Amino acid sequence: MALNATIRIVATLILAKLMIYFGSKVIERLFAAKPSKYFNDSRIQTLRGLLKSILRYVIYFVTIMSIVEVFVPNAARTILAGAGIVGLAVGFGAQNLVRDVITGFFILLEDQFRVGEYVTLAGVTGTVEEMGLRVTRIRENGGQLHIIPNGLITQVANYNRGAMLAQVEVGISYEENVDRVTAVLKAMCQEFAAAYADDLVEGPEVLGVVRFGESDVVIRLNCKTKPMRQWAIERQLRKMVKETLDREGIEIPYPKRVLISTGGVDGA
Amino acid sequence: MALNATIRIVATLILAKLMIYFGSKVIERLFAAKPSKYFNDSRIQTLRGLLKSILRYVIYFVTIMSIVEVFVPNAARTILAGAGIVGLAVGFGAQNLVRDVITGFFILLEDQFRVGEYVTLAGVTGTVEEMGLRVTRIRENGGQLHIIPNGLITQVANYNRGAMLAQVEVGISYEENVDRVTAVLKAMCQEFAAAYADDLVEGPEVLGVVRFGESDVVIRLNCKTKPMRQWAIERQLRKMVKETLDREGIEIPYPKRVLISTGGVDGA
Amino acid sequence: MALNATIRIVATLILAKLMIYFGSKVIERLFAAKPSKYFNDSRIQTLRGLLKSILRYVIYFVTIMSIVEVFVPNAARTILAGAGIVGLAVGFGAQNLVRDVITGFFILLEDQFRVGEYVTLAGVTGTVEEMGLRVTRIRENGGQLHIIPNGLITQVANYNRGAMLAQVEVGISYEENVDRVTAVLKAMCQEFAAAYADDLVEGPEVLGVVRFGESDVVIRLNCKTKPMRQWAIERQLRKMVKETLDREGIEIPYPKRVLISTGGVDGA
Amino acid sequence: MALNATIRIVATLILAKLMIYFGSKVIERLFAAKPSKYFNDSRIQTLRGLLKSILRYVIYFVTIMSIVEVFVPNAARTILAGAGIVGLAVGFGAQNLVRDVITGFFILLEDQFRVGEYVTLAGVTGTVEEMGLRVTRIRENGGQLHIIPNGLITQVANYNRGAMLAQVEVGISYEENVDRVTAVLKAMCQEFAAAYADDLVEGPEVLGVVRFGESDVVIRLNCKTKPMRQWAIERQLRKMVKETLDREGIEIPYPKRVLISTGGVDGA
Amino acid sequence: MALNATIRIVATLILAKLMIYFGSKVIERLFAAKPSKYFNDSRIQTLRGLLKSILRYVIYFVTIMSIVEVFVPNAARTILAGAGIVGLAVGFGAQNLVRDVITGFFILLEDQFRVGEYVTLAGVTGTVEEMGLRVTRIRENGGQLHIIPNGLITQVANYNRGAMLAQVEVGISYEENVDRVTAVLKAMCQEFAAAYADDLVEGPEVLGVVRFGESDVVIRLNCKTKPMRQWAIERQLRKMVKETLDREGIEIPYPKRVLISTGGVDGA
Amino acid sequence: MALNATIRIVATLILAKLMIYFGSKVIERLFAAKPSKYFNDSRIQTLRGLLKSILRYVIYFVTIMSIVEVFVPNAARTILAGAGIVGLAVGFGAQNLVRDVITGFFILLEDQFRVGEYVTLAGVTGTVEEMGLRVTRIRENGGQLHIIPNGLITQVANYNRGAMLAQVEVGISYEENVDRVTAVLKAMCQEFAAAYADDLVEGPEVLGVVRFGESDVVIRLNCKTKPMRQWAIERQLRKMVKETLDREGIEIPYPKRVLISTGGVDGA
Amino acid sequence: MALNATIRIVATLILAKLMIYFGSKVIERLFAAKPSKYFNDSRIQTLRGLLKSILRYVIYFVTIMSIVEVFVPNAARTILAGAGIVGLAVGFGAQNLVRDVITGFFILLEDQFRVGEYVTLAGVTGTVEEMGLRVTRIRENGGQLHIIPNGLITQVANYNRGAMLAQVEVGISYEENVDRVTAVLKAMCQEFAAAYADDLVEGPEVLGVVRFGESDVVIRLNCKTKPMRQWAIERQLRKMVKETLDREGIEIPYPKRVLISTGGVDGA
């Protein structure tokens, strides 16, 4: 038995050694193969170190258990069983952690967003301040810093990946001539396109009548802007629309009511 | 024992070799049989290579474990047990990944949507920009790029698979004659059908009175258009309706109130 | 041992052969017994072929594993264990697929809806365009094609399985005599029933006062129509109600307000 | 070994025979003991036949596996393992089916509702048209036929198990004398109770002032009616209330506003 | 082997006998110890009988399996495995049943509500008509009978366990003197307390100004009543408040608007 | 074998004895170490007794099983397997019970709330009447007694752990001078602070303009009060605000509308 | 056997000793390595002590089980099985506890918030009063103390990590000149920036026209403030805006209506 045990222990140790060696190699190659733009060097170092540590400790633990097994078969099994219950409990709790890290990894890999971009995710809209493997930090417009576990990030809406839409709706009176208003606004659009050429991707255009309102006919203007310029452009466009309509004497009507009076109890 | 062990190792190795060989064959045939329109060649190459790599590494791992088992039975089992816990934790996390890929596969297979189509899925409406095995990228009208894991795509609504409905509702006064208004709008519809024949699939028609409003009788016009032309057609139709009613002296009424005055405290 | 092994292999092979044979028979009979109206022939062929293939491949796999087991007991077990983890992961992902197919099967078996019927399911209302084992395609009124996995179809509302209700509500003034209005509408109902006998299942009737509104007493008319004719009938009925009330001088009142004026700050 | 095997096979066969025999007996007695009002005879026959078939096939399968086990121990186990994975997948999908049938069974056993009764369940209100073991079919008032898996039926509201409440609320002016109105309505209630004695279970009564509205004091009348007569009674009661108040000169007030005028910019 | 088998069978039978004997004893004592007010005698008998039957059948089954095991070891195991799959499927479905019964048991044990009490549970408010181990039947005010599985009853609100609050809010004009109104209402409260002493637990009191409304200052009156008398008391209190304010000339104001007129387009 | 069996039985019995002895000791010490303020003596006694009983019965059961195992190995295992299925079913149902008790334990341990405190938990706001290990009873203001399983209590809001905020908002006319109103209210605050010093923790202060309303500029007053005095203070503060503004001639404005009249169809 | 048993027991005891020794070392180093700012010394002591106790008791239990195993193999296994069921039940219940502690640990580690900071988490907004491993205590503005298990804290919004946004919107009349108003407000902004330099991070600026309201053109002013000063600044800015517009004679308009009068029934 002694010989048998010796052989098994030696074999186990050699095996462990080999697994650490090759496992480290695999980890090295995994990261060497991806000298990407958003993994800066220091982060790679950290991640690589972390993964190697985990590998090493796991193999140490398994090796010790295997050697213990040789001498005290049942003890090892009992320890494992006992550890299993604790492990299961912790595992359930840690499940979220694993999910966070996996999602975080895919966010980086697929370049879903970067630091500084304006995004909507997990119901929060704001600027990404920091991307971690477990959490992402986003600053809302109001100034609040949101700390969001990556596992909660399912859908991402990114506002920095192409031209954004600026849209202004203005209601004109039912009595107004739609063709004339359209012509006036079209002229204004060209003027606007010239004035804000830097921010615009596609000059504003008059879409037409998009809704019959209670007291007004609603006309919509659309244009495409450089990312993050959409709000400023919308405000400028809105201001110019008001000025143009004022100049041309086209009314933006207040809510209107037609009143039908009938004599009341005392004849009024 | 030595002989027995040798036989088992050799058998294991042969088995592994065979499984890699036949498994690769199966993967090859699977893809050769589907030279489809939306799987372009390079993607097939990638996918095929990926699947073969996975197959190979899985079989390598199992083979090594089997051989280790021959020499150090318990070690292998313990390693597996240890790996099992880690694997389980990772597996729970990876579950979403598997679901994403399977759903992505069915989206392709069933041709649910293609790049460039206008769709609603996972609560987002926009144009498909890129279809991947794990995520789909959709650009909303506002310009935001949405990155949606395929597993979240349960129901798809596709706006490019047949004629679309353009619908305009207009309220006329209760005092107006419904038959006359209907006749006027019907005449207008023919005119409209002629003017926009290119975009229309089924000329606009006057459906009739669809609602008694608070201050108006609501009449609806329907027509069917080529995909993605429905909004432009709706705007044009709305404009022509307003012009026609203006020309014919048919009023689109403002909200009306009947006032019954009674003398107040001071007699007014 | 050699003899024993030979016997086991032969027995396994015979067993496999028998299971394929009888399993195929069962599949054949299952489908022969159901030459139903909605399973057209080609679909049966496809399904039968598919099921047989699955059966055959499963039995092949099990047989090979059993034979491998004879020679290399642990290898087979290890392979199975390894495959089990992968299988479990895939299985979790495929769970939805199984659910889709089972639900799809029950939809066909219980004839819940057919192609061309107008239904509400999974929050979408429209006409069924295609029924598959995994997905159902429904075209909404707006023209969008919805692709819905069958597993999401829990409750179905079918609009083509019996007479539909057409319902019109009209508000009359509080000053009006309810009995007179009812009599007028009842007469109109008979006229209407005669005019639209083709579409009606049960002539329109005046239900009575269903609500005291803010400014009106609301009267409801009900009738039952042939499936899918309910909307057209409602529009016609609404039009006739308006014409009848106009003719009889019965007012559909605008919202009313009683105003009590009091002298203001400057005495007005 | 041969003898041993023979004994085991014979014992297995006898056991299987006995289990089929006694299992069938149990099934027979289960249904014989419940010759209930809502299980008509043909359904019992069907159900009994079905259960016996299931029992028989399950025992056949187990018996064959047991005999196979005698000759090829591992093959049987492997088959079971293989079948187990498939079974698990199907089982997850079939879970809903089992839940549907169990819930359906309890609906029948506890007589929660019957065909023809008016119920609310799973968010749908209508008349039960058909009760099956897996699905219940309900026709909504609008005419749509809803097909609802029994497993979705958690809470049931049944409108046919006792007197129903008919309730009318009417607003009177703040200037009106509440006592007088109450007296007038009480007299009317007696008249009404006499006129509609057939449908009423408990004559209408004037509850009193239930709310101070914006422009009216709201008085409520309650009565209890025979099942499904509540809506007709409510309409009749509402009509009589209006006629009575009209006759007595009690006003149902329109919304009132007190206006305080102040001189405007131009002095008005 | 024969001897060994005989001993095992005899031991098994004795063991089964003992377990039935002592198990029944335990069940007897469990119920004898609780001759409580809401477990009437017949129900105890039923429950006790049921539990004993279940115990007996379970032990029979296990005993037979144990004896079969002696002769045909694998058959028993295979039967159990086969039964296990069926059992698991049924078990998942029956899970709700178990939850219903356990919750039902706690409802009784903790006396959460009794037949005839007015409760809110699972979103339904009404009078308890019947309490079962699996379902509770509640009659809503409208007359509908709700059948609710006990497992859905998580939170219970019971209206019969102490004094109930009756609350009336009345708005007075901003021009009114709050102190005077309070004094008037306080006097009325004493009168009311005397008149309705039978139903009141704590006489009505004037709480004070609880809200600045758009057109009124809202004053609240509270009192505590005997259970189920709260609505009648509220109606009486509301009526007396109206009468008192009328008598004292304190106005309950209609909604007020301050109008600022400006000359319109045509000078008005 | 007999000797071996005897030794095992004796060892088992001794082990059981020891475990009961030391387990009881542990339970004793656990409770002795916590003579806390909210565990009154009788409850400790009950809990200690209960835990000891559970411990004893569990060890009895295990011991008997172990001894049975010695004689009839398979029977015990089969019993356990059979019991396991029942146990699993019951366990799933009992899961909630365990969760309730654990949460209840933490509520006590962390002193989250006590009997008599005013809290919001599980969507119910009211006064705690009774705290049990499984359920908490809370009386809502309306008088209803809510019985809430502790497991549903996730977040607790406690109104008795520090000063509460009383907050009054009052709208003043846009024509009013904000500085003057603020000064007037500040003076009033000092007066108020003197008058209600007993209930106040931090005297009322005028926060400033918190909103531009449609017709008024909204000013907010804050103060901190002793727990449960916040509502009375708010009512008193509101009353004093109204009196002060009345006295100073500062108007709380009614909703205002600017009317622009235009000549109607008939020239008015 | 005796020798064998002795060796196993001794080996087990040595193993246990070693594990306690090295486990304690690991715990010591873990905490020594993190003398962080938010782990005050006493808390570290407590946590370290707690972890060591848990480690010790777990190892004791496993050791005893291992030794029992040597003498009574089956007893230990049966005890474990029995304990396993209880443990599983408790484990499910304790799952939340584990999740709470893990989340609590990450909150500390990632410095998501500290005592005294103003945060929004789990739907509650307030000031952190105490951070524990299981629960976090937050005081809402109203004074309520919320006790929130850490496991419910998924997303955190922290208001103390950078400048906060103060935002005021004011509506001006459509008749007003936008350029003039903008100029007036810009001048005011500089004045304001000077007056409140202490609280401001980025002086207020006039953004422009952000909305066409029903009766007004809405202009927005933004500024960035020191954390927690945003509300005070907003109130001050709002007050200064009102004073400035008053001074300049720029109207903040009341809601406007255009009235079109038509002759009523009696000609008015």
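Residues numbered from 1 in each chain as written. Chains lettered and ligands numbered in written order. Predicted model: local features only at pLDDT ≥ 70, side-chain atom pairs only at ≥ 80, totals over all residues. Heavy atoms only, no water.

An unreviewed UniProt entry lists chain A under the name Mechanosensitive ion channel protein MscS, with Desulforamulus ferrireducens as the source organism. As its UniProt record puts it under Sequence similarities (unreviewed entry), chain A is described as follows: "Belongs to the MscS (TC 1.A.23) family." Listed under Subcellular location (unreviewed entry) in UniProt, the entry text for chain A is "Cell membrane". (UniProt positions renumbered as here; feature names shortened; annotations may be inferred.)

**Description of the overall build of chain A**
Scanning chain A from N- to C-terminus turns up five helices and nine strands. Listing each helix as α and each strand as β along chain A from the N terminus yields α-α-α-β-β-β-β-β-β-α-β-β-α-β. When each of the 268 residues of chain A is scored for burial, the buried share is 49%. Across chain A, contacts joining residues at least 24 apart in sequence account for 61% of those joining residues at least 6 apart. (Helix = DSSP H or I, 4+ residues; strand = E, 2+ residues; numbered from the N terminus. Buried < 20%, exposed > 50% of the residue type's maximum accessible area, 1.4 Å probe, protein only. Contact = heavy atoms within 4.5 Å.)

**Focus on the environment of Pro227 of chain E**
Residues and elements named next belong to chain E. Inspection of the secondary structure puts Pro227 in the loop between β8 (217-225) and α5 (230-248). Each C-alpha atom of the pair Pro227 and Met164 lies 5.6 Å from the other, and the pair is 63 residues apart in sequence. Leaving out residues up to four positions away in the same chain, Pro227 has contacts with Tyr159, Asn160, Gly162 and Met164.

**Structural notes on the confidence of the model for chain A**
All names here are of chain A. Of all residues in chain A, 79% have pLDDT values of 70 or greater, and the mean over the chain is 82. Segment residues 264-268: pLDDT under 50, and eight contacts once partners within four positions in sequence are set aside and those in other chains are kept. This prediction of the complex comes with two scores: 0.81 for pTM and 0.75 for ipTM. (pLDDT = per-residue confidence, 0-100.)

**A word on the packing of aromatic side chains**
Using the criterion set out here, one finds 49 aromatic pairs over all chains in the structure. Measuring from centroid to centroid gives 5.3 Å for Tyr21 of chain E and Phe22 of chain E, while their planes differ by 80 degrees, and the two rings are edge-to-face. Tyr21 of chain E gets classed as partly exposed once you look at its relative accessible area, which sits at 46%. Each ring, one from Tyr174 of chain F and one from Tyr254 of chain G, has its centre 5.8 Å from the other, and the planes form 75 degrees; the classification is edge-to-face. Here Tyr174 of chain F, found in the loop between β6 (164-172) and α4 (178-195), pairs with Tyr254 of chain G, found in the loop between α5 (230-248) and β9 (256-262), and the two come from separate chains. For the residue pair Tyr174 of chain F and Tyr254 of chain G, the accessibility class agrees, reading buried in each case. Cluster of aromatic residues (ring-pair linked, three or more members): Tyr118, Tyr159 and Trp231 of chain A. A cation over a ring is seen here: Arg134 of chain E above Phe106 of chain D, with NZ or CZ 4.1 Å from the ring centre. (Phe/Tyr/Trp six-rings, centres within 6.5 Å; stacked < 30°, edge-to-face > 60°. Lys NZ or Arg CZ within 6 Å of the ring centre and 35° of its normal.)

**Here's the deal with helix α4 (residues 178-195) of chain D**
All names here are of chain D. Taking 1.5 Å as the rise per residue, α4 with 18 residues should run 26 Å; its terminal C-alpha atoms sit 25 Å apart, in good agreement. The set of residues buried in α4 consists of Val178, Val181, Thr182, Val184, Leu185, Met188, Cys189 and Phe192. Buried residues of α4 fall within an arc of 160 degrees about the axis and therefore sit on the same side. For α4, the exposed residues set more than 90 degrees away from the buried face come down to Gln190 and Ala194. (Expected span 1.5 Å × (residues − 1). Arc of directions from axis to C-beta.)

**Here's the deal with the relation of the copies chain A and chain B**
Superposition of chain A onto chain B requires a rotation of 51 degrees combined with a translation of 0.0 Å along the rotation axis, giving an RMSD of 0.1 Å. Comparing interface residues between copies, only 15% of those in chain A also lie at the interface in chain B; the contact surfaces differ. (Least-squares fit on C-alpha atoms with pLDDT ≥ 70 in both.)

**Some thoughts on the side chain of Gln144 of chain F**
Here Gln144 of chain F lies in the loop between β3 (135-140) and β4 (145-149). For Gln144 of chain F, the residues in contact, after removing those within four places along its chain, are Ala157, Asn158, Tyr159 and Met164 of chain E together with Ile138 and Arg139 of chain F.

**Quick word on the interface of chain A and chain B**
Interface size is often expressed as the accessible area that is lost when the parts come together. On the chain B side, the residues contacting the 55 residues of chain A number 51 residues. Each partner contributes to the roughly 4700 Å² buried at the junction of chain A and chain B, and carbon and sulfur atoms together form 64% of this total. The interface formed by chain A and chain B includes two salt bridges. Ionic pairing is found between Glu110 of chain A and Arg134 of chain B, a salt bridge with its closest N-O pair at 2.7 Å. Seen at the junction of chain A and chain B, the total is 17 residue pairs in polar contact (both at pLDDT 80 or more). (Buried area = accessible area lost by both parts, 1.4 Å probe. Salt bridge = Lys/Arg side-chain N within 4 Å of Asp/Glu carboxyl O. Polar contact = N/O pair within 3.5 Å; in protein donor to acceptor, adjacent residues only side chain to side chain.)

**Looking at the UniProt feature "transmembrane region" (unreviewed entry) in chain A**
The positions UniProt marks with the feature "transmembrane region" (unreviewed entry) are residues 6-24, 54-72 and 78-98 of chain A. Regarding residues 6-24 of chain A, the helix share stands at 100% and the strand share at 0%, and the terminal C-alpha atoms are separated by 27 Å.

**Concerning the sheet that holds strand β7 (residues 200-212) of chain F**
All names here are of chain F. Strands sit in the order β6-β8-β7 across an open sheet of three strands; the sheet is antiparallel. What marks the edges here is a single partner per strand, and that holds for β6 and β7. Going from strand to strand, the sheet's axes swing by 20 degrees on average, the running direction of each strand aside. Where β6 lies against strand β8 (residues 217-225), nine bridges are found, and the strand directions are antiparallel. Bridge pairing in β8 places Ile172 opposite Val217. Helix-sheet contacts for helix α5 (residues 230-248) involve β6, β7 and β8, and the interaxial angle to β6 is about 25 degrees. (Pairing = 2+ DSSP bridges. Axes fitted to C-alpha atoms, helices over the stretch in contact; angles between N-to-C directions.)

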